[in-house]
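What the coordinates show
Residue-level listing of the chains:
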Amino acid sequence: MPRTLNRDLPKAVGTSVKIAGWVDVRRDHGKLIFLDIRDRSGIVQTVVTPKAPEALEIAKDLRSEWVVEIEGEVKARPENMKGEGDLGGVEVVAAKIVVLSRAQELPFELGTEVNLDTHLDHLPLTLRSKRSRDIFALQATVLDAYRASLMRQGFKEFVAPTLVGGDAEGGAAAFRVEYFKDQVAFLATSPQFYKQIMVGSSERAFTVAKIFRAEKSATTRHLSEATCIDFEMGFIENEREPMRVLEETIREVVQKVAAEHSDMFARFGTSAPQIPAEIPVLTLKEALATLGKKEAPDMDPEDERGICEWAKRERGSDFVFITRYPTKKRAFYTYEDPEEAPYSRGFDLLFRGLEINSGAQRMHDYDALVARMQERGLDPEKFQYYLQAFKYGMPPHGGCSTGLERFTARLLELPNVKEATAFPRDMSRIDARLTE
Ligand code: ATP
Ligand code: MG
């Protein structure tokens, strides 16, 4: 008999089916045993009665997370016995149970609230919890919607390298890797150079890339390995164009997430983010003045939270753009218009108190770029490979980078970005905790 997915059971009332999945919960009522069976489509109740004595014997041994196949008849549950959701209206009366895999005793029941370290220590188990399944279902939708929106807007996806010969940002802390011919390679801190190079090839390029940061920061917003969705576009007037593309993309992602996971936000004690017709844009100067602060070269995490509260209160927006940071605080390739100096055409997008995206118009003139490198103490010789893109004709261009984990974490208001990372790496763990 072919397998039926749990979600299709309401249409199968009165027929015999075979379902398969994990024992989510087992309730032993002596003569009757109830098993909640979880598959990828949902959870359904099965009941094992003395009418199926062999199945009942097996059901007595079953425990949480055992993997089973169950054959039986689908019945509508009486009105006063209905459970939650669509599947709450049906149950499977078991005729036959086959155990596909046993589970050892669990260290704790799935769904029990455990501290973050315990959660991370047991990810192969805790990723099965409702909370984790929600988080990563939402993240998959974010990725899908992000890609779809960029493709609709004329961007072509490419795959960026993870092993790089030089550290892209020329200074950001990078992990070193032993490479062939006694050379040192690095794990990419950003796909920046490659997406700029791809502007020369496809004009509008994007990539979903792994980035690696060796900064020794133990915060709730930093990972050693993160995923960024980066795009870059040619023929722009200024940074407003990539900001508009980003705004459009974020709007489409939020709409899709809200449509597909409408019930999820309430489970996390939040709601779908608010985006007004236009996301507010403030210069750094305006943002600091709004907060009653003196001029400063950057915002600290408290300022970021403060300005997000302002945007929510005054503009009904969970998002706010900050522009015109001092050029010296931004990456070397950030464009500065002489009339706007010493401020650059960089921007950050803040979402519910946190930076989730940074972007800018970039420098596109070869000589100016070489001069900027020299100003910053970088050796242009070491960047010859990248500089070819500018030697051979590069339009004015710009783009930005969204951190997937941070975006996901703020969507559900998770306190720590690690919860929005299936397998987080940080200063004290790669899967298992590191020992000194
Ligand atoms: P921060 O100042 O918060 O450390 P950043 O400005 O160094 O971040 P960018 O280089 O601008 O980060 O990277 C673009 C985006 O990638 C960030 O806005 C963020 O969403 C994400 N990101 C960068 N570094 C990390 C990290 N270590 N962990 C998680 N996400 C990151
Ligand atoms: Mg940034």
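All figures in this text were calculated on a predicted structure; none of them were measured in a lab.

Some words on the overall build of the protein
Secondary structure summary: the protein contains 12 helices and 19 strands in total. Structurally, the protein occupies a C-alpha span of about 85 × 60 × 40 Å along its principal axes. A total of 436 residues make up the protein; the buried ones form 50% of that total. Counting only contacts in the protein whose residues sit at least 6 apart along the sequence, the fraction spanning at least 24 positions is 66%. Here the protein has roughly 21800 Å² of accessible surface; of this, 50% comes from carbon and sulfur atoms.

Brief notes about the pairing of strand E13 (residues 319–323)
Buried residues dominate E13, accounting for five of its five residues. A two-sided burial pattern is seen for E13, the buried positions comprising Phe-319, Phe-321 and Thr-323 on one face and Val-320 and Ile-322 on the other. As paired strands, strand E12 (residues 281–283) and E13 are joined by three bridges and run parallel to one another. Each bridged residue has a counterpart across the sheet, and for Val-281 the counterpart in E13 is Phe-321. Across five bridges, the pairing between E13 and strand E14 (residues 346–351) is antiparallel. Among the inter-strand pairings, Thr-323 is bridged to a residue of E14, identified as Phe-347.

Re the nonpolar core
Core analysis: the largest hydrophobic core is formed by 39 residues, its most contacted members being Phe-231, Leu-246, Ile-250, Phe-319 and Phe-407. If you look at the next biggest cluster of nonpolar residues, it comprises 23 residues, including Val-17, Ala-55, Leu-56 and Val-68.

A short note on the site of ligand 1
Lining the immediate environment of ligand 1, one finds 13 residues, of which Arg-213, His-222, Leu-223, Glu-355 and Ser-358 sit closest. Between ligand 1 and Ser-358, the relevant distance is 2.9 Å, taken from an oxygen atom to a side-chain nitrogen or oxygen of the residue. In this structure, an oxygen atom belonging to ligand 1 sits 3.2 Å away from a main-chain N or O atom of Gly-403. Look at ligand 1: alone it shows 590 Å² of surface, and the protein chains cover 80% of it.

Some words on the coordination of the magnesium ion (ligand 2)
At this site the magnesium ion (ligand 2) is bound by Glu-355 (OE) and Ser-358 (OG), with donor distances of 2.1 to 2.4 Å. Its relative accessible area of 23% is what places Glu-355 among the partly exposed residues. You can call Ser-358 partly exposed: its relative accessible area is 26%.

Things to note about the packing of helix H4 (residues 130–152) against helix H6 (residues 240–260)
Each pair of packed helices can be summarised by the angle the axes make with each other and by the distance between the axes. Between H4 and H6, the least distance of the axes is 9 Å, while the angle of their chain directions is 140°. The pairing of H4 with H6 is recorded here as oblique in orientation. Relative to H6, the crossing made by H4 is right-handed. In this structure, H4 contributes Leu-138, Thr-141, Val-142, Asp-144, Ala-145, Tyr-146, Ser-149, Leu-150 and Arg-152 to the contact, and H6 contributes Val-245, Leu-246, Glu-248, Thr-249, Ile-250, Glu-252, Val-253, Lys-256, Val-257 and Glu-260. Each residue belonging to the contact of H4 with H6 can be placed in one class, and the counts come to 10 nonpolar, three polar and six charged.

Thoughts on the domain arrangement of the protein
Under the domain assignment, the protein is made up of domain 1 (6–101) and domain 2 (123–433). The C-alpha centroid of domain 2 is placed 46 Å from the C-alpha centroid of domain 1.

Structural notes on the sheet that holds strand E16 (residues 397–403)
Spatial ordering of the open sheet is given by E6-E10-E11-E16-E15-E14-E13-E12, a layout of eight strands whose pairing is mixed. Sheet topology places strand E6 (156–157) and E12 at the edges, where each strand pairs with a single neighbour. Across the sheet, helix H9 (residues 301–315) is in contact with E12, E13, E14 and strand E15 (354–362); its angle to E13 comes to roughly 125°.

Description of the side chain of Thr-270
Its location among the elements puts Thr-270 in the loop between helix H7 (264–267) and E12. There is a polar contact of 2.8 Å between the side chain of Thr-270 and the side chain of Glu-413. Contact partners of Thr-270, with chain neighbours within four places excluded, come to Phe-265, Arg-352, Leu-411, Leu-412 and Glu-413.

What to know about a nonpolar patch on the surface
A cluster of nonpolar residues, Leu-163, Tyr-179 and Phe-180, forms a patch on the protein surface that exposes about 350 Å² of accessible area. Relative to the helices and strands, Tyr-179 is located in the loop between strand E8 (176–178) and strand E9 (184–187).

Comments concerning the pairing of E16
Of all seven residues in E16, six are buried; the element is thus mostly enclosed. Looking at chain direction, E15 and E16 are connected through six bridges and run antiparallel. Considered in E16, the bridge of Ala-360 is made with Gly-399.

Calculation notes
Residues numbered from 1 in each chain as written. Chains lettered and ligands numbered in written order. Predicted model: local features only at pLDDT ≥ 70, side-chain atom pairs only at ≥ 80, totals over all residues. Heavy atoms only, no water. Helix = DSSP H or I, 4+ residues; strand = E, 2+ residues; numbered from the N terminus. Buried < 20%, exposed > 50% of the residue type's maximum accessible area, 1.4 Å probe, protein only. Contact = heavy atoms within 4.5 Å. Areas by Shrake-Rupley, 256 points an atom, 1.4 Å probe, with all protein chains shown as cover. Pairing = 2+ DSSP bridges. Core = buried A, V, L, I, M, F, W, Y, C linked by side-chain atoms within 4.5 Å. Near = heavy atom within 4 Å. Polar contact = N/O pair within 3.5 Å; in protein donor to acceptor, adjacent residues only side chain to side chain. Donors = N, O, S within 2.8 Å, 3.2 Å for Na, K, Ca; no water. Axes fitted to C-alpha atoms, helices over the stretch in contact; angles between N-to-C directions. Parallel < 35°, antiparallel > 145°, perpendicular 65-115°, else oblique. Left-handed = near helix turned anticlockwise from the far one by under 90°. Nonpolar A, V, L, I, M, F, W, Y, C, P; charged D, E, K, R; others polar. Domains from an automatic or database assignment. Patch = residues over 30% accessible without salt bridge, like charges linked within 9 Å, V, L, I, M, F, W, Y side chains within 5 Å. Salt bridge = Lys/Arg side-chain N within 4 Å of Asp/Glu carboxyl O.

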